[in-house]
Amino acid sequence: MSEWTEEDRELLRGNLARADRYLSGEADAPPMPPILGLFARHSRLGAPWLAFSGKLLDDGALDPRDRELLILRVGHRTGCRYQWAQHVGMAQAAGLTLEQIAAVAAAAVAAGSVADAGAADAWTDRDRDLLRAVDQLVDDHVIDDATWARLATHLDERQLLELTFVVGSYVCLAMVLNSVGLEPAVLPDPDGEKNSRAVPDAAPIP
């Protein structure tokens, strides 16, 4: 982005460790991911958003696998291709298999249960409740009492609260990315090893 200023870089630097290598301003810095260019267009808003995302990604109470399962489901439910692409690789690194990643897009919540199309063995009951919680928050903006109670047998109070922040913040981000038309250069295929990660020269940035 030609409009980058040093003030933009300075505001955005130091908020999310994985973003800083793009923001060094050095001649050998990697090409800027599109999402950082978007945040630079309103860096006084983008910087605290990066800091919040950094807290969720690098210092959160949720298990990374749980977090990435939630984010992928948000990406699928909101139709946010950029968000999905950025988090497929992170989900694999956190322990989700390619079969499970594909099943995130196949799972349907109906009549109080998560039915897995072609992936009946992909999920534990805990996973199903995490997926169900995303769908309830997206559809009804509240996790129902039964799902909350079951999740509370696995998650502590901080983790339950963080779950709602993760889903809410990534729904918000998806709305922004979808509205500005930000698309991944390569849409990962969860069924194929070679295409299962986001753009190779751009490390995942939330």
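Definitions and limits used
Just so you know, the residues in each chain are numbered from 1, in the order the chain's sequence is written. Reporting of local features is limited, given that this is a predicted model, to residues whose pLDDT is at least 70; pairs of side-chain atoms are given and counted only at 80 or more, and all residues count toward the totals for whole chains, interfaces and linings. With hydrogens and water set aside, each side-chain value is computed from the structure's full complement of heavy atoms. By the criteria applied, helices consist of DSSP H or I runs no shorter than four residues and strands consist of E runs no shorter than two, each listed in order from the N terminus. The span you would expect from a helix comes to 1.5 Å times its residue count less one. Each residue's exposure class comes from its accessible area (1.4 Å probe, protein chains only) as a fraction of the maximum for that residue type: buried when under 20%, exposed when over 50%, partly exposed otherwise. In protein, a polar contact requires one atom able to donate a hydrogen and another able to accept it; more generally it is a pair of N or O atoms within 3.5 Å, and residues adjacent in sequence count only if both atoms are side-chain atoms. Among buried residues, those of type Ala, Val, Leu, Ile, Met, Phe, Trp, Tyr and Cys that are joined through side-chain atoms within 4.5 Å constitute a nonpolar core. For this analysis, residues touch if any pair of their heavy atoms sits within 4.5 Å. When two rings of Phe, Tyr or Trp (its six-membered ring) have centres within 6.5 Å they constitute a pair, described as stacked for plane angles under 30 degrees, edge-to-face for angles over 60, and tilted for the intermediate range. Only the stretch in contact is used when fitting a helix axis, every axis being a line fitted to C-alpha atoms; angles between N-to-C directions are given from 0 to 180 degrees. For classification purposes, an angle smaller than 35 degrees is called roughly parallel, one larger than 145 roughly antiparallel, one from 65 to 115 roughly perpendicular, and anything else oblique. Helix crossings get a hand from a simple test, with the near helix turned counterclockwise from the far one by less than a right angle marking a left-handed crossing and a clockwise turn marking a right-handed one. Throughout, the ten residues Ala, Val, Leu, Ile, Met, Phe, Trp, Tyr, Cys and Pro are labelled nonpolar, Asp, Glu, Lys and Arg are labelled charged, and all others, Gly among them, are labelled polar. The rule for a salt bridge is simple: a side-chain nitrogen of Lys or Arg has to be within 4 Å of a carboxyl oxygen of Asp or Glu. Residue-level confidence of the predictor, termed pLDDT, takes values from 0 up to 100.

Enquirer: Give a detailed account of helix 5 (residues 64–77), specifying residues and quantitative values.
Expert: Under the 1.5 Å per step criterion, the end-to-end length of helix 5 is 20 Å for 14 residues, consistent within 8% with the ideal 20 Å. Counting buried residues in helix 5 gives 11 out of 14 residues, a clear majority hidden from the surface. Inspection of helix 5 places Arg-65, Asp-66, Arg-67, Glu-68, Leu-69, Leu-70, Ile-71, Leu-72, Arg-73, Val-74 and Gly-75 among the buried residues, and these make up the whole buried set. For helix 5, the N-terminal capping position is held by Asp-63, with its side-chain oxygen 2.9 Å away from the main-chain nitrogen of Arg-65. Just downstream of helix 5, Gly-79 is the residue with a positive phi angle, here 65°.

Enquirer: Outline the nonpolar core, listing residues and values.
Expert: Core analysis: the largest hydrophobic core is formed by 48 residues, its most contacted members being Leu-70, Leu-72, Trp-123, Leu-163 and Leu-177. Going through the elements one at a time, helix 3 (34–40), helix 4 (43–58), helix 5, helix 6 (81–94), helix 7 (98–106), helix 8 (125–140) and helix 10 (157–180) are the ones with two or more residues in this core. Of the residues forming this core, the biggest block, eight residues, is contributed by helix 10. Ignoring anything within four residues of it in the chain, the contact list for Leu-72 reads Trp-84, His-87, Val-88, Ala-91, Leu-96, Ile-101 and Val-104.

Enquirer: How would you explain the packing of aromatic side chains if you had to name every residue and give the values?
Expert: This structure, assessed with the given rule, holds two aromatic pairs. For the pair Trp-49 and Phe-52, a centre-to-centre distance of 6.3 Å together with 70° between the ring planes defines the contact as edge-to-face. Of this pair, Trp-49 and Phe-52 both sit in helix 4, three residues apart, which is roughly one turn of the helix. When the ring of Phe-52 is compared with that of Phe-165, the centres are 6.2 Å apart and the planes differ by 75°; the resulting orientation is edge-to-face. Linking Phe-52 in helix 4 with Phe-165 in helix 10, this pair joins segments that are 113 residues apart in sequence. With relative accessibility at 32%, the residue Phe-52 sits in the partly exposed group. Judged by its relative accessible area of 43%, Phe-165 is partly exposed. The rings of Trp-49, Phe-52 and Phe-165 are connected pair by pair, giving a single aromatic cluster.

Enquirer: I'd like a rundown of the packing of helix 5 against helix 7, residues and numbers included.
Expert: In contact at an axis separation of 9 Å, helix 5 and helix 7 are set at 40° when each is read in the N-to-C sense. Considering their axes alone, helix 5 and helix 7 lie oblique with respect to each other. The chirality of how helix 5 crosses helix 7 is right-handed. Judged by residue contacts, Arg-65, Leu-69, Leu-72, Arg-73 and His-76 of helix 5 engage Gln-100, Ile-101, Val-104 and Ala-105 from helix 7. Looking at the contact of helix 5 with helix 7 residue by residue, the class counts come to five nonpolar, two polar and two charged.

Enquirer: Requested: an account of the pattern of salt bridges, with residues and values cited.
Expert: A side chain of one charge can pair with a side chain of the opposite charge if their charged atoms are brought near each other. In total, this model carries 11 salt bridges according to the counting rule given. Glu-183 is the partner of Arg-81 in a salt bridge, and the nearest nitrogen-oxygen pair spans 2.6 Å. Here Glu-183 lies in the segment after helix 10 and Arg-81 lies in helix 6, a separation of 102 residues in the sequence. A single salt-bridge network, built from bridges that share partners, covers Arg-73, Arg-77, Asp-135 and Asp-139.

Enquirer: Break down the confidence of the model for the protein chain for me, with residues and values.
Expert: Mean pLDDT over the protein chain: 81, with 78% of residues reaching 70 or higher. The low-confidence segment residues 187–206 (pLDDT under 50) makes 53 contacts with residues lying over four places distant or belonging to another chain.

Enquirer: Describe the environment of Thr-97, naming the residues involved and giving the relevant values.
Expert: Within the fold, Thr-97 resides in the loop between helix 6 and helix 7. With a relative accessible area of 38%, Thr-97 lands in the partly exposed category. Considering only alpha carbons, one finds Thr-97 and Ala-122, 25 residues apart in sequence, at a separation of 9.0 Å.

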